[in-house]
Amino acid sequence: MASIANVRAFQAVRGYSTAASVKIPLVLHGIEGRYATALYTSAAKKSALDAVDADLKKVKSVVEKDTKLREFLENPTINRIEKKSGVQQMLSAGKYNELTKNFFDTLAENGRLYDTIKIINSYGSLMSAGRGEVQVTITSAKPLENKDVEKVKGYLQKSSFISAKQTLIVSNKVNPAILGGLVVEFGDKTIDLSVSSKVNKLNHLLTEAI
């Protein structure tokens, strides 16, 4: 049985994306993915993708800088009517697209404002994919030098995973827990070349052998 949250998410998606003509550049999962996809579809129909993207970036900047606002959005004890009023007041302080305003009204009514940042990030992923950008995260035990990042980027660009029309946007994430080697993530793919992965595989083989 679908949860109430999933039903509301479905209703929001159905309400915002009634046309099937919009090509979605990236398949996103989870509640935040559904809301972001719904907003993207609606914005595309109204030729407002960039305008909404700019709005969401402004909202994200405000929320990240204002601790009280962030706590207000994430507080589950505040009723939806009060949250809707608070969001409307926030958006009235700047020039925002009507689609953006209506979308945040929907989030407030459905009790999903605590997912604001996740939804904004998901929308950003859709915009990035629409521009042909591929977000690549290289995780290493220590920070990589630029030449090493460029080397991995070069390997990926020559691989069958990346088309000639796509642009790689690479970031380096440090996680000492992988011990050494690299973990490369892009799209729904993960290439695990970490030492910790090799150790885990060896431990598994030894356990099976005992």
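Going by the structure above, here's the rest.
Residues numbered from 1 in each chain as written. Predicted model: local features only at pLDDT ≥ 70, side-chain atom pairs only at ≥ 80, totals over all residues. Heavy atoms only, no water.

Colleague: Is there a simple way to think about the overall build of the protein in this case?
Modeller: Summing up its helical and strand segments, the protein has nine helices and four strands in all. Shown N-terminal to C-terminal, the secondary structure of the protein runs as helices and strands in the order α-α-α-α-α-α-α-β-α-β-β-β-α. When each of the 210 residues of the protein is scored for burial, the buried share is 35%. Within the protein, contacts between residues at least 6 apart in sequence are counted, and of these 67% link residues at least 24 apart. For the protein, the accessible surface area stands at approximately 12900 Å², while carbon and sulfur atoms represent 54% of it. (Helix = DSSP H or I, 4+ residues; strand = E, 2+ residues; numbered from the N terminus. Buried < 20%, exposed > 50% of the residue type's maximum accessible area, 1.4 Å probe, protein only. Contact = heavy atoms within 4.5 Å. Areas by Shrake-Rupley, 256 points an atom, 1.4 Å probe, with all protein chains shown as cover.)

Colleague: What is the right way to look at the packing of helix α3 (residues 49-65) against helix α4 (residues 67-74) in this model?
Modeller: Packed helices, taken two at a time, are described by their axes: the angle between them and the distance between them. At their nearest, the axes of α3 and α4 sit 5 Å apart, and the two run at 105° to each other. One finds that α3 runs roughly perpendicular with respect to α4. On α4, the residues touching Val-62, Val-63, Glu-64 and Lys-65 of α3 are Thr-67, Leu-69, Arg-70 and Leu-73. (Axes fitted to C-alpha atoms, helices over the stretch in contact; angles between N-to-C directions. Parallel < 35°, antiparallel > 145°, perpendicular 65-115°, else oblique.)

Colleague: Would you take a moment to explain the layout of surface pockets for this structure?
Modeller: Within this model, the largest pocket holds a volume of roughly 610 Å³. Mapped by element, the contributors of at least two residues to the lining of the largest pocket are α7 (116-130), β1 (133-140) and β3 (181-186). Broken down by element, the residue count for the lining of the largest pocket peaks at four residues, all from β1. Looking at the lining of the largest pocket, its residues break down into nine nonpolar, eight polar and four charged. (1 Å grid on protein atoms, 1.4 Å probe; cavity = no way out; pocket = protein on both sides within 12 Å on 5 of 7 lines; lining within 4 Å. Points joined across faces, edges and corners; volume = space filled by probe spheres on them. Nonpolar A, V, L, I, M, F, W, Y, C, P; charged D, E, K, R; others polar.)

Colleague: Can you help me understand the packing of α4 against helix α5 (residues 80-92) in this one?
Modeller: The geometry of α4 relative to α5 is characterised by a closest axis approach of 10 Å and an angle of 145° between their N-to-C directions. The handedness of the crossing between α4 and α5 is left-handed. When α4 is examined against α5, the residues Leu-69, Phe-72, Leu-73 and Glu-74 are found in contact with a partner set consisting of Glu-82, Lys-83, Gly-86, Val-87 and Met-90. A per-class count over the contact of α4 with α5 returns five nonpolar, one polar and three charged. (Left-handed = near helix turned anticlockwise from the far one by under 90°.)

Colleague: What am I meant to see in the pattern of salt bridges here?
Modeller: Any two side chains of opposite charge can pair, given that their charged atoms come close. For the structure shown, the criterion picks out six salt bridges. Residues Arg-112 and Asp-115 are paired through a salt bridge, measuring 2.7 Å at the closest nitrogen-oxygen approach. We classify Arg-112 as buried; its relative accessible area is 9%. Take Asp-115: its relative accessible area is 6%, and that puts it in the buried class. Across the salt bridge formed by Glu-133 and Arg-131, the nearest N and O atoms sit 3.3 Å from each other. (Salt bridge = Lys/Arg side-chain N within 4 Å of Asp/Glu carboxyl O.)

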